[in-house]
Amino acid sequence: MPRFRPILDALPAYRAGKAVVSADGRSFKLSSNESPYDPLPSVVEAIAAAAREIHRYPDPGCARLTEALSARLGVPQEHIALGAGSVTVAQQLFETVGEPGAEVIYAWRSFEAYPLLADLAGVTSVRVPLVEETHDLEAMAAAVTPATRMVFVCNPNNPTGTVNRTAELTAFLDRVPEDVLVVLDEAYREYVRDADVPDGLGLYGDRPNVAVLRTFSKAYGLAGLRVGYLVAQEPVASAVRKTTVPFAVNSIAQAAAIASLAAEDELLERVETVVKERTRVREALLGQGWAVPPTEANFVWLRLGERTAEFAEHCAVDGVAVRPLGEGARVSVGSPEANDAFLDAAARFRTG
């Protein structure tokens, strides 16, 4: 029998959101924070054109996509590193700092992949509990030790949708030592409407230890193609690029991402529709008597405690898939029809 790392025996598999189907054939997948919209025609055309070249390897450096992102974001090309989804770029970040004895700090509950990536990288996780469903940045700063190599701040936080605002985030960054990398995970940045939530791209410029993570999976609707990127000063971005698997971002994904940037105005109109639906869903839940924290992402969070699994099963009967996560359920904002189906299920659970 081959010998494997002992950590694999205790490593839980990542649980992706699942679809469910009701007895009458209805299915509303609100478990993965995906865009409820089909790809734009212009993006489909770009995908079809790129498919004619799949007998060739993709550009390993993603030159055209890097150029397009640089122009869109107003950052130097050498500050950009790309990967197969932002979770893969996060994995690369763990690889850049991972060695025995290294510690990585993140809030809990936050993105479910952080513990998995930490264990695989052989680093020690330091989990700091949320306060009122939000990152406790003071406690996270206090948790930094000489062994700390990296801190993740998911803003908006997945799965609660809550945010940390400018004053507290900049105060936190001022407290973190310069040799500790702070990663601002902004996978849901496009859905933020609170003007006091800072854009990480406005913070990293004069902070060599700050990196920003973004993705094309959510607002841009390319979850199935896996394109994510990091923006950081050149030494950080260069280190991340060194950990990239060759040809990690395939040619179809690169073409689709470039086309999505070109069609950004149309895509962001869709985002605005999701934001309006987010407000409607949260207000309806509050009206039903639920406690729902304010959210700046494309989902809502219901803390259900021991009834979390029961709630997910109840929604599944109606063909509504939600994401049970330990002490609560995360529910994506979908189409109006899907949201109505969820609200109906939630109302019956609340009164039943």
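Residues numbered from 1 in each chain as written. Predicted model: local features only at pLDDT ≥ 70, side-chain atom pairs only at ≥ 80, totals over all residues. Heavy atoms only, no water.

Trainee: Please clarify how the pairing of strand E9 (residues 299-303) should be interpreted in this entry.
Mentor: Regular strands place their side chains on alternate faces of the sheet. Across the five residues of E9, four count as buried, placing the element largely inside the fold. Here five bridges tie E9 to strand E12 (residues 328-332), and the two strands are oriented antiparallel to one another. Each residue of the ladder has a partner; that of Val300, found in E12, is Val331. (Buried < 20%, exposed > 50% of the residue type's maximum accessible area, 1.4 Å probe, protein only. Helix = DSSP H or I, 4+ residues; strand = E, 2+ residues; numbered from the N terminus. Pairing = 2+ DSSP bridges.)

Trainee: Looking at this structure, how should I read the packing of aromatic side chains?
Mentor: The description of an aromatic ring pair uses the distance of the two centres, along with the angle that the planes make with each other. All chains considered together, the criterion is met by 13 aromatic pairs. Taking 5.4 Å as the distance between ring centres and 10° as the angle between the ring planes, the aromatic pair formed by Phe94 and Phe152 counts as stacked. With Phe94 in helix H4 (residues 86-97) and Phe152 in strand E5 (residues 148-154), this residue pair connects regions lying 58 residues apart in the sequence. The residues Phe94 and Phe152 share a single accessibility class, namely buried. (Phe/Tyr/Trp six-rings, centres within 6.5 Å; stacked < 30°, edge-to-face > 60°.)

Trainee: Where do I start with the UniProt feature "domain: Aminotransferase class I/classII large" (unreviewed entry) in the protein chain in this structure?
Mentor: With numbering aligned to this structure, UniProt lists the feature "domain: Aminotransferase class I/classII large" (unreviewed entry) at residues 28-344. Secondary structure within residues 28-344 divides into 39% helix and 18% strand; the distance between the first and last C-alpha atoms comes to 13 Å. (UniProt positions renumbered as here; feature names shortened; annotations may be inferred.)

Trainee: Sorry if this is basic, but what is going on with the sheet that holds strand E7 (residues 210-215) here?
Mentor: Where strands meet in a sheet, backbone hydrogen bonds hold them as pairs that are either parallel or antiparallel. One open sheet holds the seven strands; their spatial order is E2-E8-E7-E6-E5-E3-E4, and the pairing between them is mixed. Looking at the sheet topology across the chains shown, the edges are occupied by strand E2 (80-83) and strand E4 (124-129). Strand-to-strand twist of the sheet, defined as the mean angle between neighbouring strand axes without regard to direction, takes the value 25°. Strand direction decides the pairing type here: E7 and strand E8 (residues 228-232), joined by five bridges, are antiparallel. Within the sheet, the bridge partner assigned to Val212 lies in E8 and is Val231. The sheet strands contacting H4 are E2, strand E3 (103-108), E5, strand E6 (181-185), E7 and E8, and the helix crosses E5 at an angle near 160°. (Axes fitted to C-alpha atoms, helices over the stretch in contact; angles between N-to-C directions. Contact = heavy atoms within 4.5 Å.)

Trainee: Looking at this structure, how should I read the UniProt feature "modified residue: N6-(pyridoxal phosphate)lysine" (unreviewed entry) in the protein chain?
Mentor: The sites that carry the UniProt feature "modified residue: N6-(pyridoxal phosphate)lysine" (unreviewed entry) are, in the present numbering, Lys218. Topologically, Lys218 is positioned in the loop between E7 and E8. Leave out the neighbours within four places in its chain, and Lys218 touches Ser32, Asn33, Ser35, Ala187, Tyr188 and Tyr191.

Trainee: So what exactly am I meant to see when it comes to helix H5 (residues 113-121) here?
Mentor: Along an α-helix, residues three or four apart share an orientation, since each turn contains 3.6 residues. For H5, the set of buried residues is Ala113, Tyr114, Pro115, Leu116, Leu117 and Ala118. Of the residues trailing H5, Gly122 is marked for its positive phi of about 75°.

Trainee: Looking at this structure, how should I read the domain arrangement of the protein chain?
Mentor: Think of interface size as the accessible area that goes away when the parts come together; that is how it is often given. Annotation of the protein chain at the domain level lists domain 1 (6-38 + 264-351) and domain 2 (41-261). Spacing between the C-alpha centres of domain 1 and domain 2 amounts to 24 Å. Contacts between the two partners involve 31 residues from domain 1 and, on the opposite side, 29 residues from domain 2. Both faces considered, domain 1 and domain 2 share a buried interface measuring about 2,700 Å² in area, 56% of it formed by carbon and sulfur atoms. Across the domain 1-domain 2 interface, the total number found is five salt bridges. The closest approach of N and O atoms between Glu133 and Arg303, which form a salt bridge, is 2.7 Å. Across the domain 1-domain 2 interface, the total number found is 16 residue pairs in polar contact (both at pLDDT 80 or more). For the side of domain 1 that touches domain 2, the secondary-structure elements that each account for two or more residues are helix H1 (7-10), helix H10 (264-288), E9 and strand E11 (323-325). Among the elements that make up the side of domain 1 that touches domain 2, the one with the highest residue count is H10 (eight residues). Tallied by class, residues from the side of domain 1 that touches domain 2 come to 16 nonpolar, six polar and nine charged. (Domains from an automatic or database assignment. Buried area = accessible area lost by both parts, 1.4 Å probe. Salt bridge = Lys/Arg side-chain N within 4 Å of Asp/Glu carboxyl O. Polar contact = N/O pair within 3.5 Å; in protein donor to acceptor, adjacent residues only side chain to side chain. Nonpolar A, V, L, I, M, F, W, Y, C, P; charged D, E, K, R; others polar.)

Trainee: Honestly, the nonpolar core in this entry has me stumped. Any pointers?
Mentor: Considering soluble globular proteins, one finds that nonpolar side chains tend to be buried as a cluster. The biggest cluster of nonpolar side chains holds 59 residues, and the ones touching the most others in it are Leu65, Leu69, Leu82, Met140, Val153, Phe172 and Phe216. Inspection of this core shows a minimum of three residues originating in each of domain 1 (6-38 + 264-351) and domain 2 (41-261). If we skip the residues at most four places from it in the chain, Leu82 touches Cys62, Leu65, Thr66, Leu69, Val89, Gln92, Val227, Gly228, Tyr229, Thr244 and Val249. If you look at the next biggest cluster of nonpolar residues, it comprises 27 residues, including Val89, Ala118, Leu213 and Ala232. (Core = buried A, V, L, I, M, F, W, Y, C linked by side-chain atoms within 4.5 Å.)

Trainee: I'm lost on the environment of Val240 in this one. Help?
Mentor: Of note, Val240 is situated in helix H8 (residues 234-242). On the basis of relative accessible area, Val240 is assigned to the buried category, the value being 1%. As for Val240 and Phe94, which are separated by 146 residues in sequence, their C-alpha atoms are 9.3 Å apart. With near-sequence residues (within four places) excluded, Val240 lies in contact with Ala81, Val89, Gln92, Leu93, Thr96 and Leu230.

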